[in-house]
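# Tertiary structure, described
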Amino acid sequence: MDVRRHAALKESIRSIPDYPKPGIIFRDITTLLSDPRAFRRAVDALVHPYAGGRIDQVAGIEARGFILGGAVAHQLSSGFVPIRKKGKLPHKTVSIAYALEYGTDEIEIHVDAIRPGDRVLLVDDLIATGGTAMAAVNLLRRIGAEVVAACFVIDLPEIGGAQRLRDLDVPVRTLMEFDGH
């Protein structure tokens, strides 16, 4: 993506100060999603490195990862697999707990969503601490997936989540960075 297009894409993100708590700047991608050109550019940029390669499934993390992941899967002619919060999937699941700033949470996937050896691309809107994405990678690997890479629209590099994924031997692709939390 050239610098001019990258700047236009970054400008399509709304920043909301002090949400969900004081000191946090929430990076809202709903403005990118509602802009047809920005949405198309973002999906194209996420897809580009993997076009023509073998991606069996795209896994999207609830909830904005569903929107982006579904579009990416369509462009790659791959299947789409939702990774959801505990209790939201109707069939037999495998789950994993992970640490939050204050407590824990759980995500899950259907036991039959991935065939052993499937090449999976993980997609979400933003990488911050990396806790949810790392749990998703571990969950996918537990059921036999080969996690090819993880893609995000936004990286908050000061928080270090992208590096934590790289430390798990997962290549990470992000379209833009924002300073702060």
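Thresholds applied
- Residues numbered from 1 in each chain as written.
- Predicted model: local features only at pLDDT ≥ 70, side-chain atom pairs only at ≥ 80, totals over all residues.
- Heavy atoms only, no water.
- UniProt positions renumbered as here; feature names shortened; annotations may be inferred.
- Helix = DSSP H or I, 4+ residues; strand = E, 2+ residues; numbered from the N terminus.
- Rg over C-alpha atoms; globule rule 2.2 N^0.38 Å.
- Buried < 20%, exposed > 50% of the residue type's maximum accessible area, 1.4 Å probe, protein only.
- Areas by Shrake-Rupley, 256 points an atom, 1.4 Å probe, with all protein chains shown as cover.
- Pairing = 2+ DSSP bridges.
- Axes fitted to C-alpha atoms, helices over the stretch in contact; angles between N-to-C directions.
- Contact = heavy atoms within 4.5 Å.
- Core = buried A, V, L, I, M, F, W, Y, C linked by side-chain atoms within 4.5 Å.

Looking at an unreviewed UniProt entry, one finds the protein chain named Adenine phosphoribosyltransferase and attributed to Methylobacterium soli. We quote the UniProt Sequence similarities (unreviewed entry) comment for the protein chain here in full: "Belongs to the purine/pyrimidine phosphoribosyltransferase family."

Counting its regular elements, the protein chain contains six helices and nine strands. Whereas a compact globule of 181 residues would reach a radius of gyration of roughly 16 Å, the protein chain reaches 16 Å, a difference of no more than 12%. With respect to the principal axes defined by its C-alpha atoms, the protein chain has extents near 40 × 40 × 30 Å. Of all 181 residues assigned to the protein chain, the portion counted as buried reaches 44%. A total accessible area of about 9200 Å² is found for the protein chain, and carbon and sulfur atoms account for 50% of it.

Next up on the list: the sheet that holds strand E6 (residues 103–110). In sheet architecture, strand pairing relies on hydrogen bonds along the backbone and comes in two forms, parallel and antiparallel. Read across the open sheet, the seven strands follow the order E5-E6-E4-E3-E7-E8-E9; overall the sheet is mixed. Unpaired on one side and paired on the other, strand E5 (93–100) and strand E9 (172–177) mark the two borders of the sheet. Direction aside, neighbouring strands of the sheet carry axes that sit 20° apart on average. Relative to E9, strand E8 (residues 146–155) runs parallel, the two sharing five bridges. Across the sheet, the residue bridging to Phe 152 is Thr 174, located in E9. Of the strands in this sheet, strand E3 (57–61), strand E4 (79–85), strand E7 (119–127) and E8 are in contact with helix H4 (residues 64–76), which crosses E7 at around 140°. Strands in contact with helix H5 (residues 131–142) are E3, E4, E5, E6, E7 and E8; relative to E5, the strand with the most contacts, it is inclined by about 150°.

Let's shift gears to the nonpolar core. Core analysis: the biggest nonpolar cluster contains 30 residues, and Leu 32, Val 58, Val 72, Leu 76, Leu 121, Val 153 and Ile 154 have the highest contact counts within it. Listing elements by their share of this core, those giving two or more residues are helix H2 (30–34), helix H3 (36–47), H4, E7, E8 and E9. Here this core takes six residues from H3, the largest share from any one element.

It is worth spelling out unusual backbone geometry at this point. Of note, the bond from Tyr 19 into Pro 20 is cis; its omega dihedral lies within 30 degrees of zero at 5°. The residue after Glu 62, namely Ala 63, is reached through a cis peptide bond having omega -5°. Of note, Ala 63 is situated in the loop between E3 and H4. One non-glycine residue with positive phi stands out, namely Asp 169, at about 65°. Among the structural elements, Asp 169 can be located in the loop between helix H6 (161–167) and E9.

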